[in-house]
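Single-letter residue listing:
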Amino acid sequence: MKYLFKPFEKISKNNRLLIIGVWIVIVLAFWFISSMGDRHLFPSPKQVLTGFTELYNEGLVVHIGSSLLLCVKAILIAVVISLIITYLSTIPVVAPIAKTLSKLRYLPLTGISFYLAILISDARTMQVWVLVVFMSTYLTTSLLSMISSIPQEEFDHARSLQCNRWEVLWEVVIKGRIDYVIEVIRQNLAIVWMMLVTVESILVAAGGLGFLIKNSDKFMNHGRIIALQIVILLVGLSIDFVLDYLRKTFFRYSKI
């Protein structure tokens with residue numbers, strides 16, 4: 001068993017599953033112990049199950065759909081904007097715009113929503129664009145890093161095949177790195193999904209998981225809050241799994 005505690009040790013699939021199972025048991029045991037007594041750190045499993053039932057009866061599926069729709073709209077717009085700016089950043093006159101956009105990731109979410117509120121009157125549209133701005137900054141940063149990491153040999157190889165500069169951009173950067181783009185989107189999607197709850201609090205009337213958490217917190221219903229956290233985590237992991245599966249399916253020889 002000592003080898004399980006050594007860095008960079010390769011283990012079998014069965015041992016990996018065993019380790020995961022042990023950690024799950026430890027987490028569940030900690031949950032049960034910490035929820036015992038009059039004063040406890042976490043709500044009991046019974047309270048969480050009750051929270052799941054109440055949430056389902058109040059239309060949990062509809063609220064998940066609302067959050068997913070908001071997320072999909074924001075992602076599509078952000079991906080289009082980020083890809084256009086990043087690909088055009090290979091042109092010297094556009095490069096400062098891409099670098100400036102990547103630096104905007106240091107802006108707080110409150111500041112972004114404040115300026116967007118001046119320009120946009122519709123609250124639902126403002127939710128979308130807050131997420132768009134937020135994701136575009138991180139997505140552009142990752143995409144710029146992706147382009148800078150392309151080996152010079154690939155550009156030289158494209159030029160040796162008599163490709164002009166636009167063809168080099170298409171073959172090496174755009175076509176040659178689609179699998180990397182999907183992976184970058186998958187990684188940055190986690191940030192957007194994490195911020196979704198905060199953004200949805202801008203307009204509670206539109207519903208969504210953010211509305212449910214805010215409403216549960218208002219009434220100090222900790223069982224519902226933990227249940228919602230589990231739902232958000234599972235939905236986020238499902239999205240991550242689907243994107244990773246699509247990347248591996250369509251790009252079977254990806255090195256990522």
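Here the structure is shown first, and the text comes after it.
Reading the values: rules and limits
- Every chain is numbered on its own, with residues counted from 1 as its sequence reads.
- It should be noted that, the model being predicted, local features are given only for residues of pLDDT at least 70 and side-chain atom pairs only at 80 or more, the latter also being counted only at that level, while totals for whole chains, interfaces and linings use all residues.
- The side-chain numbers reported here are obtained from all heavy atoms of the structure, hydrogens and water having been left aside.
- Helix and strand definitions follow DSSP, with helices as H or I runs of at least four residues and strands as E runs of at least two, each counted in order from the N terminus.
- For this measure, only C-alpha atoms enter the radius of gyration; the expected value for a globule follows 2.2 Å times N^0.38, where N is the number of residues.
- The contact criterion used throughout is that any non-hydrogen atoms of two residues lie within 4.5 Å.
- Surface exposure here means Shrake-Rupley accessible area, sampled with a 1.4 Å probe, where a residue is shielded only by the protein chains that are shown.
- Positive charges come from Lys and Arg alone, negative charges from Asp and Glu alone, with His and the N- and C-terminal ends not counted.
- Charged groups are reduced to one reference atom each: NZ for lysine, CZ for arginine, CG for aspartic acid, CD for glutamic acid.
- In this analysis, rings of Phe, Tyr and Trp, with Trp reduced to its six-membered ring, are considered paired at centre separations within 6.5 Å, and the interplanar angle assigns stacked below 30 degrees, edge-to-face beyond 60, and tilted for intermediate values.
- Exposure is judged per residue with a 1.4 Å probe applied to protein chains only, and the accessible area is read against the type maximum: over 50% gives exposed, under 20% gives buried, and values in between give partly exposed.
- Throughout this description, the term charge over a ring refers to an Arg CZ or Lys NZ atom that lies within 6 Å of the ring centre and within 35 degrees of the ring normal.
- Under the convention used throughout, the expected extent of a helix is 1.5 Å for every residue step, that is, one less than its residue count.
- We count a salt bridge whenever a side-chain nitrogen from Lys or Arg sits within 4 Å of a carboxyl oxygen from Asp or Glu.
- We define the nonpolar core as a collection of buried residues of types Ala, Val, Leu, Ile, Met, Phe, Trp, Tyr and Cys that are connected through side-chain atoms lying within 4.5 Å of one another.

J.: What is the right way to look at the overall build of the chain in this model?
T.: Regarding its fold elements, the chain presents 11 helices and 0 strands. Traced from its N-terminal end to its C-terminal end, the chain shows the element sequence α-α-α-α-α-α-α-α-α-α-α. The C-alpha radius of gyration of the chain comes to 23 Å, more than 25% above the 18 Å expected for a compact globule of 256 residues. Judged by the C-alpha coordinates and their principal axes, the chain covers about 75 × 60 × 30 Å. Across the chain, the fraction of contacts at a sequence separation of at least 24, relative to all contacts at a separation of at least 6, is 68%. Of the roughly 16400 Å² of accessible surface on the chain, a fraction of 69% belongs to carbon and sulfur atoms. Both charge centroids of the chain, one from 24 positive and one from 16 negative side chains, sit 4 Å from each other.

J.: Can you help me understand the packing of aromatic side chains in this one?
T.: The geometry of an aromatic ring pair is captured by the separation of the ring centres together with the interplanar angle, meaning the angle of the planes. Overall, the coordinates contain 3 aromatic pairs when judged by the stated rule. Aromatic side chains F134 and Y138 sit 5.4 Å apart centroid to centroid with 55° between the ring planes, which places their arrangement in the tilted category. Residue F134 and its partner Y138 are located together in helix α6 (residues 123-148), separated by 4 residues, close to a single helical turn. For F134, a relative accessible area of 9% translates into the label buried. On the basis of an interplanar angle of 20° and a centroid distance of 6.3 Å, the ring pair of F241 and Y245 is categorised as stacked. Placement of both F241 and Y245 in helix α11 (residues 222-250) is noted, with a separation of 4 residues, approximately one turn of the helix. Both residues of the pair, F241 and Y245, belong to the exposed class. Taking NZ or CZ as reference, R177 lies 5.1 Å from the ring centre of Y180, over its face.

J.: Would you take a moment to explain α11 for this structure?
T.: Helical geometry note: an α-helix holds 3.6 residues per turn, so side chains three or four residues apart project in the same direction. Helix length check: α11, at 29 residues, gives a terminal C-alpha distance of 42 Å against a target of 42 Å (1.5 Å per residue), a fit within 8%. Where α11 is concerned, the buried positions are G223, R224, I225, A227, L228, V231, I232, V235, D244 and R247.

J.: Help me understand the pattern of salt bridges in this model?
T.: Opposite charge on two side chains permits them to pair, given that their charged atoms come into close proximity. Tallied over the entire structure, the rule returns 11 salt bridges. Two residues, R177 and E154, come together in a salt bridge whose shortest N-O distance is 2.9 Å. Of this pair, R177 sits in the loop between α8 (165-174) and α9 (178-200) while E154 sits in helix α7 (residues 152-160), and the two are 23 residues apart along the sequence. Classification of E154 as partly exposed rests on a relative accessible area of 29%. Between D244 and R186 there is a salt bridge, with its nearest N and O atoms 3.9 Å apart. Of this pair, D244 sits in helix α11 while R186 sits in helix α9, placing them 58 residues apart in sequence. Each of E183, R186, D240, D244, R247 and K248 takes part in one network of salt bridges that share partners.

J.: Please clarify how the nonpolar core should be interpreted in this entry.
T.: The nonpolar side chains of a soluble globular protein tend to be buried, and buried together. The biggest cluster of nonpolar side chains holds 52 residues, and the ones touching the most others in it are L60 and L209. Counting residues per element, this core draws most heavily on α6, which supplies 11 residues. In contact with L60, not counting residues within four places along its chain, are L55, L209, L212, L228 and V231.

J.: Help me understand the environment of W170, please; the structure alone is not making it clear to me.
T.: Topologically, W170 is positioned in helix α8. Take W170: its relative accessible area is 45%, and that puts it in the partly exposed class. For the pair W170 and Y87, spaced 83 residues apart in sequence, the C-alpha separation works out to 9.2 Å.

J.: Looking at this structure, how should I read the side chain of D244?
T.: Among the residues examined, D244 registers a relative accessible area of 15% and is labelled buried. Excluding anything up to four places from it in sequence, D244 contacts E183 and R186.

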